[in-house]
Amino acid sequence: MRTGINTLFIPGPTNVPEVVRRAMNVPMEDQRGPEFGAFVLGILADLKKVCQTETGRVILYPGSGTGAWEAAITNTLNPGDKVLMARHGHFSTLWAEMATKLGLDVELVDLAWGAATPVNEFARRLAADRKGRIKAVFVTHNETATGVTSDVAAVRKVLDDSFHDALLFVDGVSSIGSIEFKMDAWGVDLAVTGSQKGLMCPAGFGVLAVSPKALAASAQATSKRAFFDLKDYAMLADTGYFPYTPPAQLLHGMRAALDRILAEGLENVFARHARLAEGIRRGVAAWGLETCAEHSSIASNTVTAIRVPEGVDARDVIRIGFERYNTSFGSGLARLGGKVFRIGHLGDLNEAMCLTALSVAEMALAEAGAAVEFGSGVAAAQAWYAQGRTVRANRIAAE
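Each value, and the rule that gives it
Residues numbered from 1 in each chain as written. Predicted model: local features only at pLDDT ≥ 70, side-chain atom pairs only at ≥ 80, totals over all residues. Heavy atoms only, no water. Helix = DSSP H or I, 4+ residues; strand = E, 2+ residues; numbered from the N terminus. Contact = heavy atoms within 4.5 Å. Core = buried A, V, L, I, M, F, W, Y, C linked by side-chain atoms within 4.5 Å. Buried < 20%, exposed > 50% of the residue type's maximum accessible area, 1.4 Å probe, protein only. Salt bridge = Lys/Arg side-chain N within 4 Å of Asp/Glu carboxyl O. Pairing = 2+ DSSP bridges. Axes fitted to C-alpha atoms, helices over the stretch in contact; angles between N-to-C directions.

Before we move on, could you go through the side chain of Ser 218 and cite the residues and values that matter?
You can see Ser 218 is positioned in helix H7 (residues 212-218). Residues contacting Ser 218, with those up to four places away along its chain left out, are Asn 75, Thr 76, Arg 225 and Leu 230.

Outline the nonpolar core, supporting the account with residue identities and numerical values.
Counting residues in each nonpolar core, the largest one holds 83 residues, and the members touching the most others are Leu 60, Val 137, Phe 138 and Phe 169. No other element matches helix H9 (residues 248-264), which puts 8 residues into this core. Non-local contacts of Leu 60, meaning those with residues more than four positions away in its chain, are made with Ile 43, Leu 44, Leu 47, Phe 205, Gly 206, Val 207, Tyr 233, Leu 236, Phe 242, Leu 251 and Met 254. Core analysis: the next-biggest nonpolar cluster, separate from the first, contains 31 residues, Leu 276, Phe 341, Ala 370 and Tyr 385 among them.

Can you lay out the pattern of salt bridges for me, pointing to particular residues and giving the numbers?
Going through the model one piece at a time under the given rule, you end up with 26 salt bridges. Two residues, Glu 278 and Arg 281, come together in a salt bridge whose shortest N-O distance is 3.3 Å. In this pair, Glu 278 and Arg 281 both sit in helix H10 (residues 266-287), 3 residues apart, roughly one turn of the helix. On the accessibility criterion, Arg 281 (18% relative accessible area) is buried. Here the salt bridges do not stand alone but share partners, grouping Lys 82, Glu 107, Glu 121, Arg 124 and Arg 125 into one network.

Outline unusual backbone geometry, listing residues and values.
Residue Pro 13 is reached from Gly 12 by a cis peptide bond, and omega for that bond is 0°. Tracing the backbone shows Pro 13 in the loop between strand E1 (7-9) and helix H1 (18-23).

So, the sheet that holds strand E14 (residues 340-344): which residues are in play, and what are the values?
The 5 strands are arranged E1-E13-E14-E12-E11 in an open sheet whose pairing can be described as mixed. Edge positions in the open sheet fall to E1 and strand E11 (290-291), since each of these has one partner strand only. Taken together, the 2 bridges between E11 and strand E12 (residues 303-307) define a ladder with antiparallel strand orientation. Bridged to Glu 290 within E12 is Arg 307. Across the face of the sheet, helix H11 (residues 314-325) comes into contact with strand E13 (327-331) and E14 while running at roughly 160° to E13.

Please give an account of the pairing of E12 that cites residues and values.
Each regular strand shows side chains that alternate between the opposite faces of the sheet. Of all 5 residues that make up E12, 4 are buried, and the element is covered over most of its length. Sheet topology places E12 next to E14; 5 bridges connect them, and they run antiparallel. Note on E14: the bridge partner recorded for Ala 305 is Arg 342.

Right, dumping it as structure tokens:
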């Protein structure tokens, strides 16, 4: 029998703050009632702030980020359209598979799992596409399987530099609300996330942010869609009412989560994630282990994928963490199975929680056969977090 709570260090679903859990404890309500629309409109307005768009619309689809992926494709592209994508992790691979299943002509750039979106190769291919056959460019902003963040702004620049009119799709499932994301400034046309990551809610909503250019494309798109048809949801942005039954309790949780994010301030949210992630990375380095990310400059601030030593099975690390210490780590996905385990560090998180993740990981690694010195990773992270607290305290005192 386990006592205490299961400590959750997977990159989603993330920890749900108690204030969000309480907010969802409301009676069933009429989703077509007179007050419901205004309530939803407030949520949509604040989601636009999180996505940093003034010109775009935000659509909430009952479902998940994967559902929003499909909605983005089917509402703006036509069967046979050529799209440019990179495959460098499990989720970028799944996105490419979905595009193929939906009838798109997928031009793939294959990379090592641990690399970022290949901006220079994208630039070469876009410059060579003089007839504009490429209708969209897909970027996985944060590859959750490998712990790698790609440069969306750089992809927008190569599109502009080549005078290319392709739509820019961004998978922001494990980045939006945690890592800097600027939809308007980066010229993103379709951005996807889910309620269960940086938004600190249970799974249940796919979030799709759509630019005016993408909205115009949706009027011409011929891909078949039914439940995800954007025009059926267009009323949402104008009235706050859904064409189909939404998970209303989850909307109350999202309201509380958005209040929490905006009270902290987006820039502070991003800085917190960067600070916590660096502590995790310093802990991993102190163990003498490597992350999956090929270089520190592309390391994710929401999830770290840790390569285990030769002779150690990452699945044992995960199993020991759960069975012995009631702690959940993320598994290595697809070709990374048994080779990495992941520590998710996004959403409702602080330094003490990250230190817990490192301390349990040390014990699980040692029991799985890794030569890890107890306290080494924790000490490295402690030093970093203490230093950061001192710097911030001095800055506040000076102000």
